[in-house]
Amino acid sequence: MSATRESLKTVALVTLGCARNEVDSEELAGRLAADGWQLVSDVASADIAVVNTCGFIESAKKDSVDALLEAHSLKSDGTLRAVVAVGCMAERYGNELAEALPEADAILGFDDYTDISSRLRKILDGQKIQTHKPKDRRSLIPISPVSRQQEREVKSSMGQGSTFSRKRLGSAPLAPLKIASGCDRRCTFCAIPQFRGAFISRRPTEILDEAKWLADNGVSEIFLVSENTTSYGKDLGDLKVLERLLPELAEIDGIERIRLSYLQPAEIRPTLLQAMVSTPKVVPYFDISFQHASATLLRRMRRFGDGEKFLHLLTQIRALNPESGIRSNFIVGFPGESESEYQDLVDFLSEARLDAIGIFPYSDEDKTEAATLEGKLDESVIAERTESLRRIAEELSYERAQERICECHRERCGWSRFGSATTMNLPNALTVFRILALPFCAWALFQEEGKDPTWQVIAWTMFFIVGMTDVLDGRIARKRNQISNFGIILDPIADKAFIATALIGLSILGKMPWWITALILMREIGVTLLRFAVIKREVISANRGGKIKSLLQNFSVGFYILPLPEYLYLPRDILLGVAVILTLWTGYEYFRSALKRA
């Protein structure tokens, strides 16, 4: 084709939104360049401008409309002849957007991507392109994930066929690499699955080929993107395929850094954590979508977890790699958000020590379940909470940055580290104290054969003080970033030794039935062995039931140590019975959770 102005058409691509849109734009650029189009960066000098829009939230949609209007205003100069909208907003609203925004000469959906060159030429020739009617793209492919890989036509239209066509639009050493498209989650606030469709993984060979191409084109860091990276492989019949893909990507010459994004906390598995921290070139960066920390509010969002479980996940990550960087986004003012639920979020952020925090005010999104929920908050309340939490987040991020500077100084000073903190720190010292104090507690318990009221009170006081160290060491470790492998291993041992000393001592004195002691200790020892052997020392998070169990155990033991009047024997025995039942139930829950993670 001659490179004359008459024959060589020029196109400018304007990209808004996320990294996934960046990949889409480069795929469109690849197709256009392959068909003879000349790509230019200046919209005013192009024959046609293609604006890749974002349709996620209201502010993003406004930016997209502004970009389209700005491009339209350049048509008056005489060079730019047409403005076309593509991307998420174009797909989501289709003919509705065409009616509302006549300044756009065409609205093209995802199904137009495979024939994008022909579409643009027709537009420049003055032909009218029929605008699509919006549809729920989840209905286009099978419900069963493993059946989706057979739908190659749908995949190809989304740039996920067996081959790829991509042209870089910049020269930065960092580039996003799409590993999947769509999402199967049903978060009540999110409309993305409706216009991006159900989750489809790209095949590992496609991803490796594109990664090699990126390396050959000057990229040294790849950023793996999708709507839900932790779901990768489920439609390939193997959820752990990502764990094997990472080492293969790391072997590509020229690729020096690999970063993962969009991790769902409910789907983060131990094997993926291990792969991310142990694979060379994979940076310890965890982009985790928490969204909130209140259990009740998260359920209204149709999401899982709570602040305690999220904190435990962060503990696991930092135990594996203390230098891990962690970021997340949070929604403020979701329908029905109470003061206590909002405070749950504030408390979580205060303890989580995240490196980067995004705070977003809730707003209704078209055709989402959340838009129909009751209990909508006034905009003034949402704005006030958002601004307040942003200030808190900025302060916490600054503190975390200062903490990292201190960590660097400690490394330069050559401090010995074991796990994510120096071995001898305050939390670990409290744990060691708990173990060393137990013989003295037992000694006090056996004085005067356990019958002297004074010694009974002394023994109870000693056990109480030792028990309090169990409450303090974990809180201090999380607050000060002093979680270490030493503490992770020793803390559960100290806990079991504490309760075993009290129960065995009481049984020897004839105050506690031996069968109860044996039942409780079998459960506690079994869970400890499970933690270390089955899941390789990755402690399963203690849920609320487990914490209540520990509390009831301690209270029951205390009541059996203390001198009590006879009328309190029955309430004491009932409390012990409840503690035993809860002990067995939470033990069952531990085993069930371990089997799921194995």
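Below or above, wherever it landed, is the structure these notes cover.

**What about the packing of aromatic side chains?**
Considering all chains together, one arrives at 12 aromatic pairs under this definition. Members of the aromatic cluster, each reached through a chain of ring pairs, are F290, F310, F330 and F348. In this arrangement the basic side chain of R572 is found over the ring face of Y560, its NZ or CZ atom lying 4.0 Å from the centre. Directly above the ring of Y569 sits R572, whose terminal nitrogen or CZ lies 4.5 Å from the centroid.

**Examining the nonpolar core**
Among the nonpolar cores identified, the biggest contains 89 residues, and L120, I222, L249, I258, L260, F348 and L349 are the most heavily contacted of them. Residue contacts for I222: discarding those within four places in its chain leaves A175, L177, A211, L214, L249, I255, R257, I258 and R259. Grouped together as the second largest cluster of nonpolar side chains are 23 residues, C441, A500, L503 and I520 included.

**With respect to the environment of V241**
Counting through the fold element by element, V241 comes out in helix α9 (residues 241-250). Sequence separation of V241 and R203 is 38 residues, and the distance between their C-alpha atoms is 9.8 Å. For V241, the contacting residues outside a window of four places in its chain are P204, Y232, G233 and L236.

**Some points on the pattern of salt bridges**
Applying the stated criterion to the full structure yields 37 salt bridges. Ionic pairing is found between E206 and R202, a salt bridge with its closest N-O pair at 3.5 Å. With a relative accessible area of 4%, E206 lands in the buried category. With a relative accessible area of 1%, R202 lands in the buried category. The salt bridge partner of R327 is D287, with a shortest N-O separation of 2.6 Å. Taken together, the residues span a long stretch of sequence, with R327 in strand β12 (residues 325-332) and D287 in strand β11 (residues 285-287) at a distance of 40 residues. By relative accessible area, which is 22% here, R327 ends up partly exposed. The exposure class of D287 is buried, given its relative accessible area of 8%. One network of salt bridges, with partners in common, ties together R20, D24, K178, R196 and E227.

**Regarding a nonpolar patch on the surface**
A contiguous nonpolar surface patch, about 610 Å² in accessible area, is contributed by F433, W460, F464, I465, M468, V471 and L472. Among the elements that take part in the nonpolar patch, helix α16 (residues 453-480) stands out by supplying 6 residues, more than any other. Structurally, V471 can be placed in helix α16. Judged by relative accessible area, which is 43%, V471 ranks as partly exposed.

**Overview of the packing of helix α1 (residues 19-34) against helix α5 (residues 116-124)**
Remark: α1 packs on α5, axes separated minimally by 9 Å, with the N-to-C direction vectors making an angle of 70 degrees. The orientation of α1 with respect to α5, classified from their angle, is roughly perpendicular. In this structure, α1 contributes L28, R31 and L32 to the contact, and α5 contributes I116, S117 and L120. In terms of residue class, the contact of α1 with α5 is made up of 4 nonpolar, 1 polar and 1 charged.

Rules behind the numbers
Residues numbered from 1 in each chain as written. Predicted model: local features only at pLDDT ≥ 70, side-chain atom pairs only at ≥ 80, totals over all residues. Heavy atoms only, no water. Phe/Tyr/Trp six-rings, centres within 6.5 Å; stacked < 30°, edge-to-face > 60°. Lys NZ or Arg CZ within 6 Å of the ring centre and 35° of its normal. Core = buried A, V, L, I, M, F, W, Y, C linked by side-chain atoms within 4.5 Å. Buried < 20%, exposed > 50% of the residue type's maximum accessible area, 1.4 Å probe, protein only. Contact = heavy atoms within 4.5 Å. Helix = DSSP H or I, 4+ residues; strand = E, 2+ residues; numbered from the N terminus. Salt bridge = Lys/Arg side-chain N within 4 Å of Asp/Glu carboxyl O. Patch = residues over 30% accessible without salt bridge, like charges linked within 9 Å, V, L, I, M, F, W, Y side chains within 5 Å. Areas by Shrake-Rupley, 256 points an atom, 1.4 Å probe, with all protein chains shown as cover. Axes fitted to C-alpha atoms, helices over the stretch in contact; angles between N-to-C directions. Parallel < 35°, antiparallel > 145°, perpendicular 65-115°, else oblique. Nonpolar A, V, L, I, M, F, W, Y, C, P; charged D, E, K, R; others polar.

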